Amino acid sequence: MKKHSKKKKEIEALKIQEDNQQIALYYFDGSGFSLVPNVPYCWQKKGETIALDSSRSRPINVLGFLKRDNTFSFYYVDGSVDSELVVAVFEHFISTLDESRKTVVIMDNAPAHTSAYFEAQKARWKKRNVEICPLSTYSPELNIIEILWRFVKYQWLPFNAYLSLDTLKEKLTEVFLNVGKKFTIVFAWLLIYKLVLIHGIISHGDGSMKQIAILGSTGSIGVQSLDVINQFSGQF
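Caption draft 1: Here's a closer look at the side chain of Lys-171. Here Lys-171 shows up in helix H7 (residues 165-177). Of the side chains bearing the opposite charge, Glu-174 lies closest to the buried Lys-171, which forms no salt bridge; the N-O distance is 4.1 Å. Residues within four places of Lys-171 in sequence aside, it is in contact with Leu-157, Pro-158, Asn-160 and Ala-161.

Caption draft 2: Here's a closer look at the packing of aromatic side chains. One pass over the structure, following the stated rule, counts 20 aromatic pairs. Both rings, one in Phe-33 and one in Trp-149, keep their centres 6.3 Å apart while their planes meet at 70°; by these two values the pair is edge-to-face. Here Phe-33 is found in strand S1 (residues 23-33), whereas its partner Trp-149 is found in helix H6 (residues 145-156), with 116 residues between them in sequence. By the burial criterion, Phe-33 is buried, and Trp-149 matches it. Ring plane angle 40° and centroid distance 5.2 Å describe the contact between Trp-156 and Phe-183, whose orientation is recorded as tilted.

Caption draft 3: Representation of the environment of Phe-93 in the model. Tracing the sequence through the fold places Phe-93 in helix H2 (residues 83-95). Along the primary structure Phe-93 and Phe-74 are separated by 19 residues, whereas in three dimensions their C-alpha atoms are 9.2 Å apart. Dropping the residues within four chain positions of it, Phe-93 is found in contact with Tyr-26, Phe-65, Ser-73 and Tyr-75.

Analysis parameters
- Residues numbered from 1 in each chain as written.
- Predicted model: local features only at pLDDT ≥ 70, side-chain atom pairs only at ≥ 80, totals over all residues.
- Heavy atoms only, no water.
- Helix = DSSP H or I, 4+ residues; strand = E, 2+ residues; numbered from the N terminus.
- Buried < 20%, exposed > 50% of the residue type's maximum accessible area, 1.4 Å probe, protein only.
- Lys, Arg positive; Asp, Glu negative; His and termini not counted.
- Salt bridge = Lys/Arg side-chain N within 4 Å of Asp/Glu carboxyl O.
- Contact = heavy atoms within 4.5 Å.
- Phe/Tyr/Trp six-rings, centres within 6.5 Å; stacked < 30°, edge-to-face > 60°.

So far we have only geometry, and geometry alone does not tell us how the molecule works.
Shown next as structure tokens:
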């Protein structure tokens, strides 16, 4: 528990550094997609059944790097995800970065991320102004790219994506290429910050602000609650 709290504070400090344009902060992780659909919440008429065919298939594995502003880089990988493959993906990703600004990558402690081979690359990457921030164990909630995978699987992929593997990859590519454009995630901390700022400007000419905090505001109900507060900021 102490390690989790310490890591959470460390990440909050990194966010502040990014807000001050001192670093670029990315979250890394992978996910698998197959022809076994992830059934989203939906409405159906009485007596009507909305069904998706399910079939066994090899997984489409994706590795990705996500920033809080929805900047997203993704890589399709064939076969199992081992350390050599992860290092190769990191090498390509690092080659796309501006080395004049420090980059920090937050990632979990999966075996491929903690192997001796992966650890051996860190010193060389640090010389290229890239550092790794490993998460504490059992803390996926600290890795915001987990939210992106959930949105892709349960909200953004259309039903017809599961017709075939080729169709699934096509639809996945359409979604991934439009993250930050057609498909966006407004992370809760950003909304709260903006609401407090907007509330202070609208309601208090002297610059004073009320504090607004909502716990668990990344789901649809939480986001809608924040929207209501934004619309009626003078009353909250």
